[in-house]
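Spelled out from the first residue to the last, the chains are:
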Amino acid sequence: MNYDERLQNVSVLGAAGKMGSGILLLTAVEMADLSLKPENKGKTFCLNAIDVSPQGLAGLMKYLKVQVQKIAEKKTVMLREIYADRADLIENECIINEYVFDVMNIVRPVTTIESAYDSNLIFEAIVENRDLKTRLFSQINENNKNKPYFFTNTSSVPIHTLDEGAKLDGRVLGFHFYNPPAVQKLVELISLENNSAEMTEFAKAFAKNLRKIIVPSNDKAGFIGNGHFMRDALHGIHEVERLSKEMPYAEALYIINKVSQDFLVRPMGIFQLIDYVGVDVVKFIMEVMNPYLPDEDLHSDLLDKLFEMGVKGGQNSNGSQKDGILKYERGNPVAVFDPETKAYVDISGFKEKCDEKLGPLPGSWKPWKAVNFSRGKKEEMLKTIFTETNKMETLGAELAKAYNAKSNEIGNYLVSSGVAHNVEDVNTVMMTGFFHAYGPVNKYLK
Amino acid sequence: MKKLRRKVYMAAGYNTVSLGTGRKEFNPKKERPGLEHYIKEAGQGTLKQIGGGKNVDEGAIGNFMASRFNKQGHLAGFIPMIDEDLQYKPCIRTEGACASGALSLASGIKSVLAETADVVLSLGVEVQNSMKAIYGADVLAGAGWFKNRKSGHAFFFPGQFSDRAGAYYEKYGMEYARSGMRQWFVNAIENARLCPTAQEYENKVPDLAGLYDKMTPNGKSFVDNLNVLDCSKVSDAASAIAILSEEGLERCGIPKSEAVEVISIAQVERNITNDPPDRTELTAIKKAVKQALEMAGITKDDLATIEVHDCFSIAGILTTEALGFAKPGKGAQFVADRNTARDGKIPMNTTGGLIGWGHPTGGTGVHQAVTIWEQLTGKAGEAQIKIPKDRPYGMTINMGGDDVTVVAIVYKRGDL
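All figures in this text were calculated on a predicted structure; none of them were measured in a lab. (Residues numbered from 1 in each chain as written. Chains lettered and ligands numbered in written order. Predicted model: local features only at pLDDT ≥ 70, side-chain atom pairs only at ≥ 80, totals over all residues. Heavy atoms only, no water.)

Participant: Teacher, can you tell me more about helix α10 (residues 283–296) of chain B here?
Facilitator: Given 3.6 residues per helical turn, the α-helix brings residues three or four places apart onto the same face. Residue and element names in this part refer to chain B. The terminal C-alpha atoms of α10 lie 20 Å apart, and with 14 residues this matches the ideal 20 Å at 1.5 Å per residue to within 8%. Lining the buried residues of α10 we find β6 (260–269), β7 (303–307), α11 (313–322), β8 (393–400) and β9 (405–413). In the segment just after α10, Gly297 is the residue with positive phi, at about 70°. (Helix = DSSP H or I, 4+ residues; strand = E, 2+ residues; numbered from the N terminus. Expected span 1.5 Å × (residues − 1). Contact = heavy atoms within 4.5 Å.)

Written out as structure tokens, the structure reads:
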């Protein structure tokens with residue numbers, strides 16, 4: 001089965017979810033482009049968007065239309081060539097509309113798993129539940145005569161457990177997109193030893209056509225991305241617990257969030273990042289990973305407690321941030337949730353005091369955005385800022401140095417424990433998947 | 001007609017801001033002023049200088065495609081909206097693609113010549129940021145023959161002029177040609193920085209030539225032979241000017257020193273269903289310029305400044321050749337040597353032209369006349385150039401489509 005044939009019938013499980021919808025969009029566009037190639041004329045391409053929520057699927061179709069139109073507007077020059085033989089399509093607008101129709105026409109939104117029985121490729125983007133994933137894979141595999149490839153978007157479940165549980169004979173690999181898949185350039189590719197060369201080649205070709213950067217990762221729980229993020233988050237939580245002995249909890253949390261954002265020149269503080277991903281999701285990923293890590297305890301009582309109290313974070317359907325560990329106004333944290341009093345404490349009440357305690361940011365400091373998008377000057381800016389930080393002995397500088405040292409340690413551990421092939425891969429994942437301005441394994445802070 | 005049978009003047013010009021990318025106040029996601037706003041602002045700007053609508057006999061408005069950009073036809077009906085004293089007066093809308101503005105001028109000039117009017121309010125307007133550029137390209141393609149649309153480029157007009165640039169590269173060398181086109185762009189921005197209504201007024205790029213060189217034309221995302229800096233702006237704007245007889249000047253209390261006299265006008269139409277006979281030549285412009293100069297009884301060397309239709313930098317280069325300032329193939333050199341810069345031999349587009357000031361398609365012809373009026377009467381502010389006594393003439397060249405409709409007008413200060 002060649003590349004085009006493999007993509008003639010595809011199913012995405014969990015298609016209406018945050019990750020599933022992005023994967024569906026990218027796959028639909030790739031499949032439509034194949035269907036429009038002259039050699040594929042007359043062939044039917046079919047993409048099953050499978051989800052348990054009819055409401056979610058309705059939203060998915062709206063999202064698709066808007067996104068495909070934007071994509072079409074950007075590649076109209078090429079589309080005019082593709083539709084050159086269609087005398088009825090003259091103006092750009094007609095051509096764009098036709099392309100949107102051709103993409104949408106491939107997608108079949110359904111709530112039944114049986115549609116996947118004819119597919120050659122199954123993308124899985126459902127909840128991080130190993131048993132459910134195994135059960136669905138097994139059911140599809142037993143009923144599907146095409147010996148389909150199973151690509152899972154899991155960010156934490158070891159792939160070989162799915163392979164063994166569903167008896168897939170090596171027809172499964174990890175194809176881990178970052179959120180949102182349509183924008184983020186990174187794909188973590190987690191291969192198994194018993195994957196066929198043909199399947200790995202197909203995965204690479206598919207990622208390349210989607211213009212993604214592939215970072216190979218070994219099949220160890222959490223892979224590179226969550227391998228770093230979970231441990232980094234746990235370090236932040238431990239630091240808050242340590243500081244809470246000397247100061248109120250809310251102030252300690254504010255301080256660590258600020259250090260991990262401003263002093264480390266990252267896109268957001270560690271607690272904002274946990275909220276962005278979702279307290280429930282982070283807790284869940286840790287739970288999935290932990291059994292596979294005999295030498296450490298990847299678990300947080302604080303997250304358990306917050307989860308029980310219904311403090312979850314995550315995003316609203318319009319992409320705005322829901323309140324979680326922090327409370328947000330226009331995307332900016334304004335209060336900290338205190339599990340003791342079960343209420344938010346306004347940051348404005350202690351901000352000045354805490355900022356004074358932390359000490360000033362380096363004089364050459366610039367926010368992440370200015371540094372990360374400084375076109376060729378990033379390296380130099382980071383060196384200047386962190387050289388200055390190294391000379392400072394304030395609380396803020398000391399916490400930042402300790403935080404970065406831990407991040408370094410995690411990065412190196414991912415290599416020594418065989419998750420990543422090398423530190424460059426670790427740094428690439430954190431820079432492309434998490435938008436860090438620099439990798440965790442660095443020599444900036446000492 | 002060997003010469004105009006009656007004296008015709010222009011005065012009281014007014015330009016709105018040219019709104020679009022480049023202006024700080026432009027935000028494509030927010031609601032912006034519509035056609036009504038621009039027509040009113042420009043019209044009232046001129047009426048204020050000539051004693052109000054009561055002094056006006058006729059109105060003319062040039063517009064290319066409001067019917068598609070704004071879903072609005074019947075633009076003459078907006079002229080009485082400018083001032084209640086214009087109610088029930090004869091008004092006309094003119095259309096000749098990007099030369100619609102100059103056709104509004106021509107219509108006014110003809111009315112004054114025919115003695116059916118002594119004061120005509122001439123306007124030009126286009127509001128084209130109402131849609132994304134990829135759809136705007138469909139609308140602007142209406143300036144070509146629709147039967148060619150299917151085989152044309154997604155960005156139809158940039159495609160047409162990319163082909164012209166390609167033909168010029170092939171004949172005379174790409175690097176050489178682009179050295180002239182680059183200087184054309186640099187001049188346009190430097191001039192626009194001196195004119196507060198220009199779209200590129202706030203452009204602060206320190207190394208314009210360097211920026212230009214970085215942007216190699218890329219046919220995959222745009223067209224083969226031009227980058228976006230070679231192109232005019234997508235603009236929302238209107239301009240207005242009064243066209244008057246001697247009696248009209250008197251009625252409005254405008255001294256001749258505050259007006260420009262229209263010395264000659266040439267209007268040329270090339271068959272739209274034919275491809276240009278030679279892509280490295282602008283034959284309709286050449287013809288119009290020749291006629292206008294002959295009617296004025298002057299040569300190109302008597303001109304102090306010219307507003308040329310640089311919808312693309314290559315059009316600027318080719319126009320210097322059509323004007324006779326450079327032999328075929330030598331226009332790029334002529335421009336690269338700064339001859340058309342504001343301190344050069346023959347300053348062109350002194351407030352930025354279509355690339356620097358902006359190109360509200362149906363408004364451009366009137367904007368060009370306003371600029372020449374400002375320069376010849378000393379009202380150009382920081383953009384003012386010196387008008388030599390022995391070369392007192394100015395010229396505008398407005399082009400519609402790919403060298404299809406052309407209007408060339410020669411002016412001189414009214415009291416000279």
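Participant: Can you help me understand the state of the cysteines in this one?
Facilitator: Throughout this description, disulfide means a covalent bond between two cysteine sulfur atoms. Residues and elements named next belong to chain B. Applying the stated rule across the entire model yields zero disulfides over all chains. There is no disulfide at Cys91, and the cysteine sulfur nearest it, in Cys252, is 16 Å away. Owing to a relative accessible area of 27%, Cys91 belongs among the partly exposed residues under this scheme. (Disulfide = S-S within 2.5 Å. Buried < 20%, exposed > 50% of the residue type's maximum accessible area, 1.4 Å probe, protein only.)

Participant: Could you clarify how one ought to interpret unusual backbone geometry in this entry?
Facilitator: Note: most residues except glycine have negative phi, and most peptide bonds are trans. Residues and elements named next belong to chain A. Cis rather than trans, the peptide bond between Asn179 and Pro180 has omega equal to -5°. Tracing the backbone shows Pro180 in the loop between β6 (172–177) and β7 (186–190). Although it is not a glycine, Lys147 adopts a positive phi angle of roughly 50°. Mapped onto the fold, Lys147 is located in the loop between α6 (130–143) and β5 (149–152). Classification of Lys147 as exposed rests on a relative accessible area of 55%. In this structure, Val265 takes a positive phi of about 50° despite not being glycine. In this fold, Val265 is placed in the loop between α10 (249–263) and α11 (270–277). Looking at Val265, the relative accessible area reads 1%, which means it is buried.

Participant: I'm lost on the sheet that holds strand β10 (residues 332–338) of chain A in this one. Help?
Facilitator: Within a beta sheet, neighbouring strands are joined by backbone hydrogen bonds and run either parallel or antiparallel to one another. Residues and elements named next belong to chain A. Sheet architecture is open: three strands sit in the order β9-β10-β11, paired in antiparallel fashion. Of all strands in the sheet, those bounded by a partner on one side alone are β9 (326–329) and β11 (343–346). Averaged over neighbouring strand pairs, the angle between their axes works out to 40° when direction is ignored. The pairing of β9 with β10 spans four bridges and is antiparallel. Bridged to Leu326 within β10 is Val336. Relative to the sheet, α11 contacts β9 and β10, its axis offset from that of β9 by approximately 80°. (Pairing = 2+ DSSP bridges. Axes fitted to C-alpha atoms, helices over the stretch in contact; angles between N-to-C directions.)

Participant: Explain the nonpolar core to me, please; I cannot follow it from the model alone.
Facilitator: Among the nonpolar cores identified, the biggest contains 123 residues, and Phe123, Phe151 and Phe175 of chain A together with Ile306, Met395 and Ile397 of chain B are the most heavily contacted of them. When neighbours within four sequence positions are excluded, Phe175 of chain A is seen to be in contact with Phe123, Phe151, Thr152, Asn153, Val187, Glu188, Leu189, Ala203, Phe206 and Ala207 of chain A. The next biggest cluster of nonpolar side chains, apart from the first, holds 68 residues, and it includes Met230, Phe263, Phe337 and Ile347 of chain A. (Core = buried A, V, L, I, M, F, W, Y, C linked by side-chain atoms within 4.5 Å.)

Participant: How should I be thinking about the domain arrangement of chain A in this particular structure?
Facilitator: Residue and element names in this part refer to chain A. Looking at chain A, the domain boundaries give domain 1 (3–217) and domain 2 (225–433). Taking the mean C-alpha position of each, domain 1 and domain 2 sit 33 Å from one another. Between domain 1 and domain 2, the contact holds 19 residues from the first and 17 residues from the second. Interface area, domain 1 with domain 2, both sides summed: about 1,500 Å², of which 57% is carbon and sulfur. It is Glu128, Ser156 and Val215 that lose the most area in domain 1 upon contact with domain 2, and together they represent 26% of the buried surface on that side. On inspection of domain 1 and its partner domain 2, the count reaches zero salt bridges. (Domains from an automatic or database assignment. Buried area = accessible area lost by both parts, 1.4 Å probe. Salt bridge = Lys/Arg side-chain N within 4 Å of Asp/Glu carboxyl O.)

Participant: What exactly am I supposed to notice about the sheet that holds β9 of chain B here?
Facilitator: Residues and elements named next belong to chain B. A sheet is described by the order of its strands in space; here nine strands give the open sequence β3-β2-β4-β5-β1-β6-β9-β8-β7, paired in mixed fashion. Of all the strands in the sheet, the pair left with one neighbour each is β3 (91–94) and β7. The mean inter-strand angle of the sheet, taken between neighbouring strand axes irrespective of direction, is 25°. Bridge count for β6 against β9 is nine bridges, and the pairing is antiparallel. Within the sheet, the bridge partner assigned to Ala266 lies in β9 and is Ala408.

Participant: Teacher, can you tell me more about the interface of chain B and chain A here?
Facilitator: You'll often see interface size given as the accessible area lost when the parts meet. The interface is formed by 17 residues belonging to chain B together with 14 residues belonging to chain A. Ranking the residues of chain B by area buried against chain A places Ile134, Tyr135 and Lys150 of chain B at the top, with a combined share of 46%. Linking chain B with chain A are two salt bridges, by the criterion used here. Here Lys132 of chain B makes a salt bridge to Glu73 of chain A, at a shortest N to O gap of 2.5 Å. Our count for the chain B to chain A interface comes out at 15 residue pairs in polar contact (both at pLDDT 80 or more). When residues in the side of chain B that touches chain A are grouped by element, the largest group, four residues, is from helix α5 (residues 133–140) of chain B. Looking at the side of chain B that touches chain A residue by residue, the classes come out as seven nonpolar, four polar and six charged. (Polar contact = N/O pair within 3.5 Å; in protein donor to acceptor, adjacent residues only side chain to side chain. Nonpolar A, V, L, I, M, F, W, Y, C, P; charged D, E, K, R; others polar.)

Participant: In this structure, what is going on with the pattern of salt bridges? I would like to understand it.
Facilitator: In a structure, side chains of opposite charge can pair up when their charged atoms sit close to one another. One pass over the full model with this rule turns up 41 salt bridges over all chains. Here Lys75 of chain A ties to Asp33 of chain A by a salt bridge, and the two come within 2.9 Å at their closest N and O atoms. Note that Lys75 of chain A is positioned in the loop between α3 (54–74) and α4 (76–82) and Asp33 of chain A in helix α2 (residues 18–35), a separation of 42 residues in sequence. You can call Lys75 of chain A buried: its relative accessible area is 16%. In this structure, the salt-bridge partner of Lys300 of chain B is Asp301 of chain B, at a minimum N-O distance of 3.4 Å. Taking relative accessible area as the criterion, Lys300 of chain B reaches 21% and is therefore assigned partly exposed. Since its relative accessible area comes to 44%, Asp301 of chain B is described here as partly exposed. One continuous salt-bridge network, built from bridges that share partners, spans Arg6, Asp57, Asp118, Glu247 and Arg251 of chain B.

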